Each structure stands twice: as structure tokens, then as C-alpha cells.
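Single-letter residue listing:
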Amino acid sequence: MKKTALLLIDAQFDFCNPKGALYVPGAETDVERIARLIALEGDKIDSIFVTLDTHKVLDIAHPLFWEDANGNTVAPFTLITAANVKAGKWTPRYEREYVIQYLEILEAEGEFKHFIWPEHCLIGSKGAALDDTIMEGLLAWTHRTGRDYKAVIKGTNPLTEHFGVFRAQVPVANAPETDLDRPFLNDLAAFDQILVAGEARSHCVATSINQILKYAPELAPKVTILSDCMSNVTNFEEVADPIFEEAEQKGMTFLKANAVQL
């Protein structure tokens, strides 16, 4: 009998609600489709994993961590490079030497440039909570099936971005929560089918897919990406397209939620 997992990435208030701090346009309809899938096909879903982006206020990708040459806090959506930190355009208020090294490693890997985001998914905040539509769907599923959803927290280390589910962009020394989460990949390997949905397509979903391709390529044929259950951060609509093109070439399936048959 086929075993199916649903990997639901960062379906949280700050991303999915129009009032959220880092609202992803279209996410409110994405979560409705996901909840409908759980309601209709949930009896055939063996496990649901929900990832929770979880940050401190003083985070390397939040404004208060940084200042400009006049001592002003940096605005959200500012692009910061190692070169302009060295030139004094932007200054980290904490861990300067580490931050320069971090930016150099990040830029050498070439996946994402370092952008400053609005404060989002702060520990303990409403913004960090699961979207209401998803929460209601998960509760109904658990009560119906007797299977509890499993939460995977990421992003708590303030010295690195943690887009992908399985590993921080740049792991921090002596911080195992930033290293590759091989046990989670092993958990997913036990399933015959892995459905992937959530926010944002351009960042956390794409990076998670890329990490599967990089660190557990044998899982690729098991993965079905729910293409109408994810949306892009504004102005980043095309940044992840090469990742999804590679995913298709490596055997991942793309379906709309209403075409999924379990």
C-alpha cells in the first residue's frame, strides 16, 4: 500500500495573510487549495510535516541588525553585499567579521543574494503561527485519522538565512540546527510519495526542492510539487525557475491540487 507524506512549507500568517509582515500575493488561495486537498484526500495521507519559519528580531536578514553610514537602521528589501559592507555603505551592528565572511560564502555559492526582509515570523508572534485555514484543516485531519501533524522549526539561528527546510544557507559552526537535517531526509525516504506545497515558491519551497536534488537525489522521483499551492515573493517571480526546471528533469512531478489522486 502506497505511503504518502505532505510536506507543507511555511504556511504561516506572515506569509499567507494579506495583513502578514511578508505577505506573498496569492498565498491565501494557495492555503485554501491545500486545505481542500487535506479534507478530500486526507485519509490517504499518512503523515503531514509542517515547517515553521521562526526568527528572532535581531536576525542577520532583519533591519535592526544593520545600519547605514549615518547610523540609520536599514530598510527592508535592501540588497547587501560583502563589497559594500567592506566599503562602509552598510554596517552590521553585531558580529562584523563573521558577517563579512558569511556574505562572501553566500555569494560564492551563488544561490541567493543577501536581502533584508521585514521582521517576520518572530518567535511567539501571531505572524509565526500557522495560517488559520491550514490549522483548521490539520485539526480536522488529526481528529479524523488519529494521526498528528509533525512540526519542523527552522530559522531560529540569527546568524544565517534558513530558506530551505533541510539546511541553513550557510551553516554556523557549533550550531547543529543549521546543519543538514539528514534525519528528516531519512524520514521522508520511508514514503512512496511526497507532496510539496507552501510558501514561498521563489524562496523556501525552491530552496527545499534544490536541497533534495543536492543531498537526497534518490527522493526526486517520489516528489510531487503542487504547482497551484505556492506563490512567489513580489519581484522574485522568476528567480527560482531554473530550480523547478531541474526538478522536472530529475523526475519530480508537477500537478495541480485537484489532479492529485492518492
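Residues numbered from 1 in each chain as written. Predicted model: local features only at pLDDT ≥ 70, side-chain atom pairs only at ≥ 80, totals over all residues. Heavy atoms only, no water.

**Focus on the packing of helix 7 (residues 201–215) against helix 8 (residues 241–249)**
Stated formally: For helices, the axis comes from a line fit to the C-alpha atoms of the stretch in contact; other axes are also lines fit to C-alpha atoms, and the angle between any two N-to-C directions lies between 0 and 180 degrees. Numbering of helices and strands runs from the N terminus; a helix is a DSSP stretch of H or I covering at least four residues, while a strand is a stretch of E covering at least two. Left-handed is the label given to a crossing in which the near helix is rotated counterclockwise from the far helix by less than a right angle, and right-handed is the label when the rotation is clockwise. For this analysis, residues touch if any pair of their heavy atoms sits within 4.5 Å. When residues are sorted by character, Ala, Val, Leu, Ile, Met, Phe, Trp, Tyr, Cys and Pro go into the nonpolar class, Asp, Glu, Lys and Arg into the charged class, and all the rest, Gly among them, into the polar class.
Contact pair helix 7 / helix 8: the axes reach a minimum separation of 9 Å and the direction vectors enclose 40 degrees. Crossing angle aside, the handedness with which helix 7 passes helix 8 is left-handed. Of the residues in helix 8, those in contact with R201, V205, A206, I209, N210 and L213 of helix 7 are D241, I243, F244, E246 and A247. Split into classes, the residues belonging to the contact of helix 7 with helix 8 amount to 7 nonpolar, 1 polar and 3 charged.

**So, the packing of aromatic side chains**
So the rule is basically this: Within 6.5 Å between ring centres, the rings of Phe, Tyr and Trp (the latter by its six-membered ring) count as paired, and their orientation is classed by plane angle as stacked under 30 degrees, edge-to-face over 60, tilted in between. For a Lys NZ or an Arg CZ to count as sitting over a ring, it must be within 6 Å of the ring centre and within 35 degrees of the ring normal.
This structure, assessed with the given rule, holds 12 aromatic pairs. Taken together, F49, F166, F184 and F191 form an aromatic cluster joined through their ring pairs. Taking the ring centre of F49 as reference, the NZ or CZ of K150 above it sits at 5.5 Å. The cationic tip of R201 hangs over the ring face of F244; the distance from NZ or CZ to the ring centre is 4.3 Å.

**Side note on the packing of helix 2 (residues 27–41) against helix 5 (residues 132–145)**
Using the following cut-off: What sets the label is the angle itself: under 35 degrees gives roughly parallel, over 145 gives roughly antiparallel, 65 to 115 gives roughly perpendicular, and the rest give oblique.
Interaxial distance between helix 2 and helix 5 falls to 9 Å at its minimum, and their mutual angle equals 5 degrees. Judged by the inter-axis angle, helix 2 sits roughly parallel to helix 5. Within the contact between the two elements, helix 2 uses V31, E32, I34, A35, I38 and A39 and helix 5 uses T133, I134, G137, L138, W141 and R144. Looking at the contact of helix 2 with helix 5, its residues break down into 8 nonpolar, 2 polar and 2 charged.

**Some details on the side chain of N157**
Here is the rule we go by: N or O atoms closer than or at 3.5 Å make up a polar contact, with two conditions inside protein: a donor-capable atom paired with an acceptor-capable one, and, for residues adjacent in sequence, both atoms drawn from side chains.
By the element assignment, N157 lies in the loop between strand 7 (150–154) and helix 6 (182–189). A polar contact is formed between the side chain of N157 and the backbone nitrogen of L159, at a distance of 3.0 Å. Within the structure, the side chain of N157 is placed 2.9 Å from the side chain of E177, a separation counted as a polar contact. With residues near it in sequence (within four places) discarded, N157 still touches D59, V172, A175, E177 and T178.

Function cannot be inferred from these measures alone, as they are strictly geometric.
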